[in-house]
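Remarks on the overall topology
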Amino acid sequence: MKKESVLSKLRAEKVVALIRAENSDGLLDCAKALAEGGLTSIELTMTTPGAIRMLEKASAELPDFLFGLGTVLDAETARAGILAGARFIVTPALRPDVITLCRRYSVPVFCGAFTPTEIVNAWEAGADAAKVFPAEFFGPAYIKSIKGPLPHIEIVPTGGVTATNVGDFLKAGAMATAAGSSLVEAAALKSRDWAAITAKARAFCEAVSALK
Ligand SMILES: O=C[C@H](O)COP(=O)(O)O
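Residues numbered from 1 in each chain as written. Predicted model: local features only at pLDDT ≥ 70, side-chain atom pairs only at ≥ 80, totals over all residues. Heavy atoms only, no water.

Looking at an unreviewed UniProt entry, one finds the protein named 2-dehydro-3-deoxyphosphogluconate aldolase and attributed to Cephaloticoccus primus. Reading the Subunit (unreviewed entry) entry of the UniProt record for the protein gives the comment "Homotrimer." Its UniProt record gives the protein the following Sequence similarities (unreviewed entry) comment, quoted word for word: "Belongs to the KHG/KDPG aldolase family." (UniProt positions renumbered as here; feature names shortened; annotations may be inferred.)

Put into structure tokens, the structure is as follows:
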């Protein structure tokens, strides 16, 4: 899939489901539950043991989904993720070597940044969006303020995004958002309560549709 198509899908879906789990058991079922609720853009994170193995399996078995790899801290991990099928890469902090690697292979990269300086540095280094993290502390108002002088920079707020505030983050000018613990709840994952995860995904999609 071409880079622009990946970015278009992320822009259209507006919510990346971020899975940070204690282990990789049940991740495929979790992905299917999210899709049942309307979300097929999914970020597996490197803090989940076996994430790369799971990414490879998920990408092969669910080719219509958009799987990305998050919590990437170095170029080696980004390359391994891309080889395993990651369609996008996400870092929690400004990692220029990861941006360079992703640009080499034309894979979209969302680079962690928080202050205006970090956000501009990430953009100048070639990130496709700044993952403003942790977004929960200053909330949608912070994104709106950043977009004032920096309207050309794409922003993906992450951290504390919920079905209740996702609309406000998008109205503030975010290109898309990423949601982890409020969407894929640890308890639901542990008890394999796929219906609960589908219901959460549906709530996010309804909040996004309400904006259109
Ligand atoms: O990397 C991002 C965070 O783990 C996601 O935060 P969240 O669980 O508050 O959505």
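Considering only enclosed or pocket space, the largest pocket measures out at about 500 Å³ in volume. In terms of lining residues, the largest pocket is bounded by 25 residues, among which Arg20, Ala21, Ser181, Val184 and Ala186 are the most central. Taken together, the elements giving at least two residues each to the lining of the largest pocket come down to strand S7 (177-179) and helix H9 (186-190). Ranked by the residues each element gives to the lining of the largest pocket, the list is headed by H9, at three residues. Classifying every residue of the lining of the largest pocket by side-chain character gives ten nonpolar, eight polar and seven charged. (1 Å grid on protein atoms, 1.4 Å probe; cavity = no way out; pocket = protein on both sides within 12 Å on 5 of 7 lines; lining within 4 Å. Points joined across faces, edges and corners; volume = space filled by probe spheres on them. Helix = DSSP H or I, 4+ residues; strand = E, 2+ residues; numbered from the N terminus. Nonpolar A, V, L, I, M, F, W, Y, C, P; charged D, E, K, R; others polar.)

This brings us to empty space enclosed by the protein. By the definition in use, this model includes one cavity of 30 Å³ or more. Around the largest cavity, the lining residues are Val16, Leu18, Glu43, Phe88, Val90, Phe110, Lys131, Val156, Thr158 and Ala178. Across the lining of the largest cavity, the residue classes break down as seven nonpolar, one polar and two charged.

Residues Phe133 and Pro134 are joined by a peptide bond in cis, for which omega reads -5°. Of note in this structure, Ser106 is not a glycine but carries a positive phi near 55°. Structurally, Ser106 is set in the loop between helix H5 (96-104) and strand S5 (109-113). A positive phi angle is found at Arg192, which is not glycine, with a value near 55°. Mapped onto the secondary structure, Arg192 falls in the loop between H9 and helix H10 (194-209). Exposure remark for Arg192: the relative accessible area of 43% places this residue in the partly exposed category. (Buried < 20%, exposed > 50% of the residue type's maximum accessible area, 1.4 Å probe, protein only.)

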